[in-house]
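# Breakdown of the fold
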Amino acid sequence: MHLELGFVVDSIKGKLLAGNEKTIVNGVEIDSRRVKPGYLFFAFKGESSDGHDFLEDAWKNGAAAVIVSRGDCLTKAGPGKSLILVNDTLDALQDLAAAYRRSFNIPVVAVTGSVGKTSTKDILALCLQSRFKTLKTSGNYNNEIGLPLTLLQLDKTHQVAVLEMAMRGQGELLQLATIAQPSSALISNVEKVHLETLGSLENIARAKAEVMATLGAGDFALINGDSPLLEEAVRPYAAKKYRFGYSKSCDFRIEETIIKNQGIEIRLICLGQSEKLFLPLPSRRWAMNAVAAAAMAFLLGVPLEEIKSSLLNFNPGSKRLEIIPLPDGGKIINDTYNANPLSMINALETSRELQEKGKLVAVLGDMLELGDYEQEGHREVGHHAVKNQVDLLICIGERAAWMAEAARAAGMAGEQVRHFLSKEESIGFLKQSLNSSDTILFKASRGMQLESLAEEIYSEV
Ligand code: ATP
Ligand code: MG
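Anyway, here's the lowdown on the structure attached to this text. (Residues numbered from 1 in each chain as written. Chains lettered and ligands numbered in written order. Predicted model: local features only at pLDDT ≥ 70, side-chain atom pairs only at ≥ 80, totals over all residues. Heavy atoms only, no water.)

## A closer look at the coordination of the magnesium ion (ligand 2)
Every protein donor of the magnesium ion (ligand 2) is listed here as Thr118 (OG1), Asn140 (OD1) and Glu164 (OE), and their distances to the metal cover 2.0 to 2.2 Å. Mapped onto the sequence, the residues coordinating the magnesium ion (ligand 2) show the spacing T-x21-N-x23-E. Here Glu164 lies in strand S10 (residues 160–164) and Thr118 lies in helix H4 (residues 117–129), a separation of 46 residues in the sequence. (Donors = N, O, S within 2.8 Å, 3.2 Å for Na, K, Ca; no water. Helix = DSSP H or I, 4+ residues; strand = E, 2+ residues; numbered from the N terminus.)

Structure (structure tokens):
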């Protein structure tokens, strides 16, 4: 980044109360401890701390200017210090990101969907990297703060950007799209996540479709072609639409998926041409992410042969369906990165397909942030444990009791289902019940940190 402070002031409609418009800015931070010389520091008020209390630190670390929403901060600015006053520092960050993005004439891809956004974004970036210098959202920086911070990392060498966009309610994707001005949008799926704010799947589909609102002539969207609700929701948007999925009308149509060699083979009809892809992760739902990513990369100009070899190198990262072999043919499946009902069901299906001998054991913890859908979501997972013929279901946490209840009601015998309020309480039982020929799935929301239990059990079985 190489900007003059004057451009920043204009973009964010701020008042330069101290400092010089010609000062050069080369980065942006919202954490004063990470400010480097030449950076802008945006003072945000969080729940537990207020950036306005850390201006001294930012200046000490060499900030080119601090951006504040409190005029009284001027008293702290000594000689040589720069300070810009704005009404709202978050609006200012977003305005700067929007203005900055407009100085890059490169494809910008927005990736959204109910589940699998980060996964799809990472696979897409991997496929693009073989040909283009790619900026991608790091980790899960997908919201009203993460998105502008990502855009502000663009530099002249980037040839394409892949941005994850998340939403909890109506209007949020429209806001993110307005900032990022994507040239193409990928809507990977529409599922019952964030029902609490949106009320119905129709509303979720409409809220996802907002990502297309700013697409112009020559821009395009790639959508999940198996969702009639999504089809309906994107109808009002004029941009060119491509579809991926299993349905006949899909431009990228999956004919068949075959689990083999610790991965999945995908038979795909790619704009009329028959192709075979392989993803080294044995999940049919992840296969959808891979097809979406491959189709988008293809539409952006990456040859299919390159996409295929990128997919072969895909590594989803730790704690995402990570398969750890055990000595006697068993395995631990560590999928403790995060969870919602759909990803729980995905993990149960995958575990079932990976089981070779021994018991199929599911150690499942609470799913957080499900709102009104909390009880139903946990019960649904309990049902799917039965449907996937889990031999032993261990439910951990207060909410997980609903899973256990539903599994018993759906026919699992009493001794096949155990509920513990905490990880600690379950350890003794797990150690005596599991052995090294079992297939053992661990999964829960991030807040449960179930990986510590998976690690402890791994060292024992
Ligand atoms: P967030 O809303 O937290 O950003 P996300 O949409 O980015 O979530 P990921 O982090 O990619 O989703 O994946 C979350 C969980 O869902 C992981 O456990 C992953 O294995 C699982 N998952 C990924 N893709 C799918 C899919 N298409 N269907 C079901 N589960 C999936
Ligand atoms: Mg994500």
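## Describing the sheet that holds strand S14 (residues 252–260)
Here nine strands make up an open sheet; going across it, the order is S9-S10-S8-S11-S12-S13-S14-S15-S16 and the pairing mixed. The outermost strands of the open sheet, each flanked by one partner alone, are strand S9 (134–136) and strand S16 (273–279). Within this sheet the neighbouring strands show an average axis-to-axis angle of 20°, counted without direction. As defined by bridge partners, S14 adjoins strand S15 (residues 263–270) across eight bridges and the pair is classed as antiparallel. Looking at the pairing, Glu256 lines up with Arg267 of S15. (Pairing = 2+ DSSP bridges. Axes fitted to C-alpha atoms, helices over the stretch in contact; angles between N-to-C directions.)

## A word on the site of ligand 1
Around ligand 1 lies a shell of 21 residues, among which Thr118, Ser119, Asn140, Asn289 and Lys443 are the nearest. Here an oxygen atom of ligand 1 sits 3.0 Å away from a polar atom, N or O, in the main chain of Gly116. Starting from 640 Å² of accessible surface for ligand 1 in isolation, the protein chains cover 91%. In terms of residue class, the shell around ligand 1 is made up of four nonpolar, eleven polar and six charged. (Near = heavy atom within 4 Å. Polar contact = N/O pair within 3.5 Å; in protein donor to acceptor, adjacent residues only side chain to side chain. Areas by Shrake-Rupley, 256 points an atom, 1.4 Å probe, with all protein chains shown as cover. Nonpolar A, V, L, I, M, F, W, Y, C, P; charged D, E, K, R; others polar.)

## Looking at helix H3 (residues 89–101)
Along its 13 residues, H3 runs 18 Å from first to last C-alpha, staying within 8% of the 18 Å computed at 1.5 Å per residue. Among all positions in H3, only Thr89, Ala92, Leu93, Gln94, Leu96, Ala97, Ala98, Tyr100 and Arg101 are buried. Where H3 begins, one side-chain oxygen reaches toward the backbone nitrogen of Leu90, 2.9 Å away; that side chain belongs to Asp88. (Expected span 1.5 Å × (residues − 1). Buried < 20%, exposed > 50% of the residue type's maximum accessible area, 1.4 Å probe, protein only.)

## Looking at the pairing of strand S13 (residues 240–245)
Within S13, five of the six residues are buried, leaving the element largely enclosed by the surrounding structure. Here strand S12 (residues 220–224) pairs with S13 via five bridges, running parallel. Within S13, the residue paired with Phe220 across the bridge is Lys240. Each parallel crossover has a hand, and the one from S12 via helix H9 (residues 228–234) to S13 is right-handed. As judged from the two bridges shared by S13 and S14, these two strands associate in the parallel manner. Bridge assignment links Phe244 to a residue of S14, and that residue is Phe252. (Right-handed = clockwise from strand over helix to strand, strands pointing away.)

Without other data, these values stay purely geometric and don't point to any function.
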